[in-house]
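Breakdown of the fold
Here are the chains, one letter per residue:
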Amino acid sequence: MLRAGKRIDVYDPSQLKQKLRYILIIVFSALAILSLRLWYLQIIKGDEFRQSSENNSLRLRKIKPLRGLIMDRNRKIIANNRPSFDIIFIPDKKRKINQSIEKIKGFYAEKSLEFSEDVSIPNRIKPFVPVILERNVSLEKIAVVETHSFELPDVETEVTPVRQYPYGEATAQVIGFTGEASSREIKEDTSKQLSPGDMLGKFGIEKSFDSRLRGKSGAEQVEIDVSGKIVRSLGRIPSISGDIVVLNIDVGLQENAWQALGERRGAVVVMNPQNGEVLALVSSPSFDANIFSGKISVEEWKRLAEDPRHPLENRAVSGQYPPGSTYKPIVAAAALETGIISPETIFHCDGVFQFGQRIFHDWKKEGHGDISLHRAIVESCDVYFYNLGKMLDVDAIAQYARGFGLGVPTGIDIPNEKSGLVPTKSWKRSRLSAPWYPGETIPLAIGQGYNLITPLQLANAYAALANGGTLYRPRIVKQIESPDGRVIEAFPPQKIGLIPVKFRNIAIINKALWGAVNEAGGTGYILRRKNSDVCGKTGTAQVVGLPQDPMKRKMKTLTAETKDHALFVCFAPCEKPEIVVAVVIENAGHGGSAAAPVAKKIMDVYFAQRENADEQRPKSSTEEI
């Protein structure tokens, strides 16, 4: 029984309907918002996200080209390519390069391997642009990375062609080497094809003709899975190999010159005087260019760069030396052309020459007696040329020296050539702020004083004497060929001038150069050959001055670093010259005893090769008769 005054709550269906209405409004509002968001993402931003999705699953791989071959004149390969294995990192927006490096180091430690720190990691890393972590690694490291590929989804191994130089030190100064492109080189690259990790020429022919040797990169679009591994290739543009560079160098003659020079510091240049072709160009000490193809350590680079013997310097084109007595034919040409002497002019030599208060000594203590120009060149009489230095103005000597191509670069097709020095009055005034004194011309006349030449300039000057007066630009490269052997560009002989000497005076000088090798008492007599005439001139260049007092001169002791430089330059055969050889050996003593034997070995090999070629050449019917 219910108590009076109490009301029982009865369920009202209208309240439930109102609550359901609110719930439906909320649900439909949420669905509307979701639909609008889906419409925005799929319709408005669909293309953008589709592209982003494809970028996450597709990757563009750069295909590096094969660098062009370098061959000698007989088509022997001097620079080739070999496969190298690199470990690379493919960055994306999530994975960090340092984390991957630490993982690799951990896996290496399990196999007692060390991670190489020789490759510099760029500060700025672009997504999906490969970064080389290690270059030219061992197969053992490749196996470690491939074994842990799942833990290293952003790390890959890549086969890259690298340079191989079969003749090592003998050709390094000519061919040069390649190295990884620096950020500055990438920025300055006009072709816009260089990217981090690419290799380009750094020295020698590799540098001078880098744009022809480098080739053009290709590309491949590949699909990758979630672990970053390649699933399939979607398209490929093949790379284009670099052009072939054919040289005038005879690698057999190059090796012979290298061996003849041995461990001594110096340079050898061998040329064809009829067209300027460089047949051999050697600088010692040298380096093995193959070390730059792999990973050169900081310690190894520092050792090369700080070596007091300067193995990275190409002495043949950048070494500057006093020419010594090899300069005398140029002074003789100046004296003949200016008319201050004739071939019959005789001076007396008693071993000394006095100019004012200074005494100049001849190399032959007892002197040469009465001597003509011919015998003065044959016997290399200093006193005769001291007299010419007294009679000639320094600017007149400079005019003829420059006419022989001295004092300016020859324009050879490899970098870092130096110009040497031909002193003049104006040069001394501007450089040393002092006037030129007549007594300074005396030693100048025998190739001492301020005179400086490169071995290449010396060879080129004598090449002009040999061919009758024409200066050619020295050329190492003969032609450029396409990868299939088609000639694209040839480099014919290029005349750069005529020496300012009449043909009759050239003949007088050349006859004396023949006598220096073939006549009794000639300073180059060691080079005399039975089968071919050789014209040549010895030279001995002082590195330090000697005291005027005879007793002090006798007591002066020369160290290994202060001994005279030895020079010798020659051409053969004298009537129709086809080879010029210039040899400079630092601190080796006399040119006749130190440099001439090196030239003789080169000459012997050259003419032996020529005789063998003549014997193997098929004879015509008229020759057989």
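The present account deals with the structure reproduced in this document. (Residues numbered from 1 in each chain as written. Predicted model: local features only at pLDDT ≥ 70, side-chain atom pairs only at ≥ 80, totals over all residues. Heavy atoms only, no water.)

**Things to note about the state of the cysteines**
Using the following cut-off: When two cysteine sulfur atoms are found within 2.5 Å, that pair is recorded as a disulfide. Secondary structure elements follow DSSP: runs of H or I no shorter than four residues count as helices, runs of E no shorter than two count as strands, and numbering proceeds from the N terminus. Throughout this description, buried means an accessible area under 20% of the type-specific maximum (1.4 Å probe, protein chains only), exposed means over 50%, and partly exposed covers the range between.
Scanning the entire structure with this criterion turns up one disulfide. The disulfide bridge from Cys 535 ends at Cys 574, spanning 2.1 Å between sulfur atoms. Residue Cys 535 is located in strand E21 (residues 535–541), and its partner Cys 574 is located in the loop between strand E22 (565–572) and strand E23 (579–585); the two are separated by 39 residues in the primary sequence. We classify Cys 535 as buried; its relative accessible area is 2%. Residue Cys 574 is classed as buried on the basis of its relative accessible area, which comes to 15%. The thiol of Cys 349 is unpaired, and the distance to the nearest cysteine sulfur, on Cys 381, comes to 3.7 Å. Judged by its relative accessible area of 2%, Cys 349 is buried. The class of Cys 381 is buried, set by a relative accessible area of 0%.

**Observations regarding the pairing of strand E19 (residues 487–490)**
To be explicit about the condition: The rule for pairing is simple: two strands pair if DSSP sees at least two bridges between them.
When strand E18 (residues 477–481) meets E19, the two strands line up antiparallel, connected through three bridges. Residue pairing across strands places Glu 481 opposite Val 487, the latter belonging to E19.

**Some details on the nonpolar core**
The test is simple: For this analysis, a nonpolar core means a set of buried residues of the types Ala, Val, Leu, Ile, Met, Phe, Trp, Tyr and Cys, connected via side-chain atoms within 4.5 Å. Note on definitions: a residue-residue contact is assigned when non-hydrogen atoms from the two residues lie within 4.5 Å.
Counting residues in each nonpolar core, the largest one holds 93 residues, and the members touching the most others are Ile 205, Val 245, Leu 247, Tyr 384, Phe 385 and Ile 476. When residues in this core are grouped by element, the largest group, nine residues, is from helix H18 (residues 455–467). Setting aside residues up to four positions removed in sequence, Phe 385 forms contacts with Lys 328, Val 331, Ala 332, Leu 373, Ala 376, Ile 377, Ala 445 and Ile 446. With 31 residues, the next largest nonpolar core counts Ala 170, Trp 258, Ala 260 and Phe 607 among its residues.

**Considerations on the packing of aromatic side chains**
Test applied: Under the pairing criterion, centres of Phe, Tyr and Trp rings, with the six-membered ring standing for Trp, must be within 6.5 Å; the plane angle then separates stacked pairs below 30 degrees from edge-to-face pairs above 60, leaving the rest tilted.
One pass over the full model with this rule turns up 15 aromatic pairs. With a centroid separation of 5.2 Å and an interplanar angle of 85°, the aromatic rings of Tyr 606 and Phe 607 are classed as edge-to-face. Both residues of the pair, Tyr 606 and Phe 607, belong to the buried class. One aromatic cluster in this structure is built from Phe 177, Phe 203, Phe 287, Phe 292 and Trp 301.

**A closer look at the packing of helix H12 (residues 328–338) against helix H14 (residues 382–391)**
Packed helix pairs are specified by the crossing angle of their axes together with the interaxial distance, meaning the distance between the axes. Using the following cut-off: Interaxial angles span 0 to 180 degrees and are taken between N-to-C directions of axes, which are lines fitted to C-alpha atoms, for helices over the stretch in contact. Each angle is binned into one of four classes, with values under 35 degrees roughly parallel, values over 145 roughly antiparallel, values of 65 to 115 roughly perpendicular, and all other values oblique. Crossing handedness follows the turn of the near helix against the far one: under a right angle anticlockwise gives a left-handed crossing, and clockwise gives a right-handed one.
Packing of H12 against H14 leaves a shortest axis separation of 11 Å and a crossing angle of 45°. Taken as axis vectors, H12 and H14 run oblique relative to one another. Note that H12 runs across H14; the crossing there is left-handed. Seen from H12, the contacting residues are Lys 328, Val 331, Ala 332 and Ala 335; seen from H14, they are Asp 382, Phe 385 and Leu 388.

**A look at unusual backbone geometry**
Going from Ser 284 to Pro 285, the amide bond is cis rather than trans, its omega being 0°. Relative to the helices and strands, Pro 285 resides in the loop between strand E12 (278–284) and helix H10 (298–305). Put simply, Ala 572 and Pro 573 share a cis peptide bond, and its omega is -20°. Along the chain, the position of Pro 573 falls in the loop between E22 and E23.

**A look at empty space enclosed by the protein**
How we decide: Both cavities and pockets are sets of points on a 1 Å grid over the protein atoms alone; in a cavity a 1.4 Å probe fits but cannot get out, in a pocket the set is open with protein on both sides within 12 Å along at least five of seven lines, and lining residues sit with an atom within 4 Å of a point. Grid points are joined across faces, edges and corners, and a volume is the space filled by probe spheres set on the points. Residue polarity is assigned by list, with Asp, Glu, Lys and Arg as charged and Ala, Val, Leu, Ile, Met, Phe, Trp, Tyr, Cys and Pro as nonpolar; anything else, Gly included, falls into the polar class.
Tallied over the entire structure, the rule returns two cavities of 30 Å³ or more. Of the voids in this model, the largest cavity is the one considered here, and its volume is about 290 Å³. Here the lining of the largest cavity is built from residues that sort into six nonpolar, eight polar and seven charged. Considered as a void within the structure, the second largest cavity measures approximately 40 Å³ in volume. Lining the second largest cavity are Gln 173, Phe 203, Gly 204, Asn 314, Val 317, Ile 414, Pro 415 and Asn 416. Across the lining of the second largest cavity, the residue classes tally to four nonpolar, four polar and no charged.

**Some thoughts on a nonpolar patch on the surface**
The cut-off we apply is this: Put simply, a patch holds well-exposed residues, over 30% relative accessible area, that have no salt bridge, with like charges counted together within 9 Å and Val, Leu, Ile, Met, Phe, Trp or Tyr side chains within 5 Å. Only the protein chains shown count as cover for residues, and the accessible areas themselves come from Shrake-Rupley with a 1.4 Å probe. Basic side-chain nitrogens of Lys or Arg form a salt bridge, by our definition, when they fall within 4 Å of a carboxyl oxygen of Asp or Glu.
Taken together, the side chains of Leu 20, Ile 23, Leu 24, Val 27, Phe 28, Leu 31, Leu 34 and Leu 38 define a hydrophobic patch exposed on the protein surface, amounting to about 750 Å² of accessible area. Tracing the backbone shows Leu 31 in helix H1 (residues 13–44). The exposure class of Leu 31 is partly exposed, given its relative accessible area of 46%.

**Quick look at the sheet that holds E22**
With antiparallel pairing, the five strands of this open sheet are ordered in space as E12-E11-E23-E22-E21. With partners counted over all chains shown, the strands left at the sheet margins are E12 and E21, one partner each. Each adjacent strand pair in this sheet contributes to an overall mean axis angle of 5°, direction not counted.

**What to know about helix H3 (residues 97–110)**
For clarity, the threshold we go by: Expected span of a helix, by definition, is 1.5 Å for each gap between consecutive residues, and there is one gap fewer than residues. This arc is taken over the directions from the axis of the helix to the C-beta atoms.
Its 14 residues place the ends of H3 21 Å apart at the C-alpha level, agreeing with the 20 Å of an ideal helix rising 1.5 Å per residue. Turning to H3, its buried residues number three or more, namely Ile 97, Ser 100, Ile 101, Ile 104, Phe 107 and Tyr 108. The buried residues of H3 all sit within an arc of 125° when viewed along its axis, so they share a single face. Relative to its buried face, H3 has exposed residues pointing more than 90 degrees away, namely Asn 98, Gln 99, Glu 102, Ala 109 and Glu 110. Its buried side turned inward, H3 meets strand E3 (77–89), strand E4 (131–134), helix H4 (139–147) and strand E5 (155–164). Looking at the residues trailing H3, positive phi occurs at Ser 112, about 60°.

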